[in-house]
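# Fold and geometry: a report
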Amino acid sequence: MKSSKDITKSQLRQFAQEYHKNPLWRAMTNVLAKTSAADIAYVNSRGAAIQPVFSVDIPTMKAVDQQSSGRCWIFAGLNLLRERIGKKFHIQEFEFSQSYVAFWDRLEKINYFLEAMMTLADRPVDDREVQWLLQQGIQDGGQWDMFVNIVRKYGLVPKYAMPETWQSSNTKPMNRLTNTKLRQYAAILRRMAAEGKDQDALQREKNRMLSEMYGFLCCCYGEPPERFDFEYADQNKEYKKKRDLSPDVFYQEYVGDILEEYVSIIHTPTGDKPFGHSYTVSWLGNTLDGNIVRYLNVEMRRFKEMVVKQLTDGETVWFGCDCVQDDEQAVGVWDDRLHDYKTAFGMDFSLTKEERLDLRESAVAHAMVLTGVNLADGKPDKWKVENSWGENSGHKGYYVMTDSWFDEYVYQAVVQREYLSAQEIAAYEEEPKILSPWDPMGTLA
């Protein structure tokens, strides 16, 4: 006899009867056969009403394109820094090499992974943390503090000094091969540890692995330059050239070592993360000798105050959000009222921000740059976003984000320390609570 928990035939007959009695569902069955649900639920009046005009609009360079890669966090970080180059040297268009940063990030992540495998070698292979690390491998994505670590350790170069390759712009095949190799390395290191090999032997083997992967990365990206010339023409068409620069000198002299002045704030209204405290995530990072990933959780009102202040002072803002929610690339809009699925299906799909995080409906998925905001009676009602999906999406690569969407799906921003109170600085610098590797704040932009 079947349990009452099973779906019964009488229930199925009842479900079918209810479906046939519902004219909306019958109509939607026909419509959805050849149309996407998002298009059916699209609220045209909302998309048309959200115009790309802002009371605070920072002039910025043309949009760039990360292509088929997950390097948005790198593109966003470099987009923020390139504006300093533009203002300082009166350059209208400029790009740093995203491949250069990605190369060193990937090598550092490989080392980070191998060290983790050695640290956890005494645990069973089905240990949850070991399984998490093996499953994740290394990815294109990253976090603000990881960007800081790479730039401060390796410097920067112009894009022409290390241009894109097919692999750097189309990373899926390279990622698959890299992670297959890393799991092979994990098996070797775990076997050596089980055989009683000492740490010196494990380190020697790890260094051999790093050398092999360095060569593999050079094949995929090209070899990172040690010296280069900086050539540019300013807005008056005057040609200038600085010869024989190293990446770290270029960063220090032409950008300035300003990255330590930034603080990563988050808004995550979940019960396990009280506001006014700092957090980090276990096994999330790239360099072993750099900063840990650290966040200060603040209420949304305070979050916006700091972001608006930085924008009104003329500086753009790196931020992280869940970009797959209620977006429309064709019109360049993110708006939480852009789709009316409740009317389309007669069903309520709503969750609170806390529920979306706790139930894994949402997390940080993409990093971009805020370059403007529209203030109505002193409060934001829409935001200007510089994306990294090229000039053929949105408004020549720029998007409009409504303030209500910001409330629901923006989770992180990077602001200068001067906008934090003394109490907030103290909270940021306190010993952070360590979150599990699978916490939603541990996702990579």
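The sections below set out a description of the structure shown in this document. (Residues numbered from 1 in each chain as written. Predicted model: local features only at pLDDT ≥ 70, side-chain atom pairs only at ≥ 80, totals over all residues. Heavy atoms only, no water.)

### As for the overall build of the chain
Counting its secondary structure elements, the chain contains 17 helices and 14 strands. A compact globule built from 445 residues would reach a C-alpha radius of gyration of about 22 Å, and the chain, at 24 Å, matches this within 12%. Summarising its shape, the C-alpha atoms of the chain cover approximately 75 × 65 × 45 Å along the three principal directions. The proportion of buried residues among the 445 residues of the chain is 52%. Across the chain, every contact between residues at least 6 apart in sequence was considered, and the portion connecting residues at least 24 apart equals 77%. Accessible surface computed for the chain: about 21100 Å², of which carbon and sulfur atoms make up 50%. In the chain, 54 side chains carry a positive charge and 66 a negative one; their mean positions are 4 Å apart. (Helix = DSSP H or I, 4+ residues; strand = E, 2+ residues; numbered from the N terminus. Rg over C-alpha atoms; globule rule 2.2 N^0.38 Å. Buried < 20%, exposed > 50% of the residue type's maximum accessible area, 1.4 Å probe, protein only. Contact = heavy atoms within 4.5 Å. Areas by Shrake-Rupley, 256 points an atom, 1.4 Å probe, with all protein chains shown as cover. Lys, Arg positive; Asp, Glu negative; His and termini not counted. Charge placed at Lys NZ, Arg CZ, Asp CG, Glu CD.)

### Side note on the pairing of strand β7 (residues 317-321)
Counting buried residues in β7 gives five out of five residues, a clear majority hidden from the surface. Side-chain alternation along β7 places V317, F319 and C321 on one buried face and W318 and G320 on a second face that is also buried. Examined bridge by bridge, β7 and strand β10 (residues 366-376) share five bridges and lie antiparallel to one another. Each residue of the ladder has a partner; that of G320, found in β10, is A367. (Pairing = 2+ DSSP bridges.)

### Some remarks on the layout of surface pockets
What the largest pocket holds in volume is close to 610 Å³. Within the residue set of the lining of the largest pocket, elements represented by two or more residues are α14 (341-345) and α16 (403-409). Residues of the lining of the largest pocket, tallied by class, amount to seven nonpolar, three polar and 10 charged. Looking at the second largest pocket, its volume works out to about 410 Å³. Those elements that place two or more of their residues in the lining of the second largest pocket are α6 (98-119) and α7 (128-136). (1 Å grid on protein atoms, 1.4 Å probe; cavity = no way out; pocket = protein on both sides within 12 Å on 5 of 7 lines; lining within 4 Å. Points joined across faces, edges and corners; volume = space filled by probe spheres on them. Nonpolar A, V, L, I, M, F, W, Y, C, P; charged D, E, K, R; others polar.)

### Overview of empty space enclosed by the protein
As enumerated under the stated definition, the model contains one cavity of 30 Å³ or more in all. Size it by volume and the largest cavity reaches roughly 60 Å³. Residue lining of the largest cavity: R71, I74, A102, D105, R106, K109, I138, Q139, D140, T171 and Y221, and that is the complete set. In terms of residues, the lining of the largest cavity owes the most to one element, α6, which gives four residues. Its residues placed into classes, the lining of the largest cavity shows four nonpolar, two polar and five charged.

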